[in-house]
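Letter by letter, the chains look like this.
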Amino acid sequence: MMTSLANPLHWRLMEAGDLASVSAVAKEVHPEFPEDDAVFLNRLVLYENGSYVLENGSTIIGYAVTHPWKSFNIPALNTVLSALPEHPDTYYIHDIALLGAARGSGAAGKIISIVASHALESGFKTMSLVAVNGSSGFWEKQGFEVANRPDIEPKLKTYSDDACFMLRQLHLPHACVR
């Protein structure tokens, strides 16, 4: 149980006024994967229902950026997208970042559940991401599997040597049979 948090944690949709805090969290959590503020604004503008912040009271201590995308077409790091694809076939998790105080709180699992529900309601059958920093074990616990594809290896190497592409199948909840 986390004792250093003064308030209950709460995920909500990101707003433009949150971008400075999101940028600060990104710089602290991912110093080896820097992204310009324009990238966060870009994703928020392109798909406002896919960007979230984690609040502890009125303090932002984490974020998640997600959006519809094309399978195995990995967006380059620190790139502003001109548009989302016309016919996306996967729901892409661009990034989830939590400050140290939020780790171990269940907040990451909670946002993955929120995002998975949103993706399923939006008609997607998969979610995908690029795992870095040895995080593939965490993602496997969330239902993701490594998808080894030689054609995307060069793009993965632009993230890091340990980067791997991962997919999670989404399923409708089982209906009760009476």
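Coordinates for the structure precede this section.
I will try to describe carefully the structure that is included in this document.

Conventions and cut-offs
Residues numbered from 1 in each chain as written. Predicted model: local features only at pLDDT ≥ 70, side-chain atom pairs only at ≥ 80, totals over all residues. Heavy atoms only, no water. Salt bridge = Lys/Arg side-chain N within 4 Å of Asp/Glu carboxyl O. Buried < 20%, exposed > 50% of the residue type's maximum accessible area, 1.4 Å probe, protein only. Pairing = 2+ DSSP bridges. Helix = DSSP H or I, 4+ residues; strand = E, 2+ residues; numbered from the N terminus. Contact = heavy atoms within 4.5 Å. Axes fitted to C-alpha atoms, helices over the stretch in contact; angles between N-to-C directions. Phe/Tyr/Trp six-rings, centres within 6.5 Å; stacked < 30°, edge-to-face > 60°. Lys NZ or Arg CZ within 6 Å of the ring centre and 35° of its normal.

Our next topic: the pattern of salt bridges. As enumerated under the stated definition, the model contains 3 salt bridges in all. Notably, a salt bridge pairs Arg149 with Asp151, separated by 2.8 Å at the nearest N-O pair. Given a relative accessible area of 29%, Arg149 falls into the partly exposed group. One salt-bridge network, in which partners are shared between bridges, spans Arg12, Asp18 and Glu55.

With respect to topology, 7 strands assemble into an open sheet ordered E1-E2-E3-E4-E5-E7-E6, the strand pairing being mixed. Edge positions in the sheet fall to strand E1 (9–13) and strand E6 (145–146), since each has one partner strand and no second. Summarising the sheet, strand E3 (residues 59–69) and strand E4 (residues 90–98) pair through 8 bridges and their orientation is antiparallel. Across the sheet, the residue bridging to Val65 is Asp95, located in E4. Contacts from helix H3 (residues 107–121) reach E1, strand E2 (51–56), E3, E4, strand E5 (126–131) and strand E7 (164–169) within the one sheet, and its direction differs from that of E4 by about 160°.

A full pass over the atoms with the stated rule returns 6 aromatic pairs. For the pair Phe40 and Tyr63, a centre-to-centre distance of 5.4 Å together with 75° between the ring planes defines the contact as edge-to-face. Taken together, the residues span a long stretch of sequence, with Phe40 in helix H2 (residues 37–46) and Tyr63 in strand E3 at a distance of 23 residues. With relative accessibility at 0%, the residue Tyr63 sits in the buried group. A centroid spacing of 5.3 Å and a plane angle of 80° characterise the contact between Trp139 and Phe144, whose relative ring orientation is edge-to-face. Side by side, Trp139 and Phe144 carry an identical accessibility label, which is buried. Aromatic rings pair up to connect Tyr47, Tyr91 and Phe124 into one cluster. Here the guanidinium or amino end of Arg149 rests over the ring plane of Phe72, the centre of that ring lying 3.8 Å away.

With that out of the way, let us pick up the pairing of E7. Counting buried positions over the 6 residues of E7 gives 5, a clear majority of the element. One ladder, built from 6 bridges, connects E5 with E7; its direction is antiparallel. Of the residues in E7, the one forming a bridge with Ser128 is Leu167. Pairing of E6 with E7, which is carried by 2 bridges, proceeds in the antiparallel orientation. Considered in E7, the bridge of Val146 is made with Met166.

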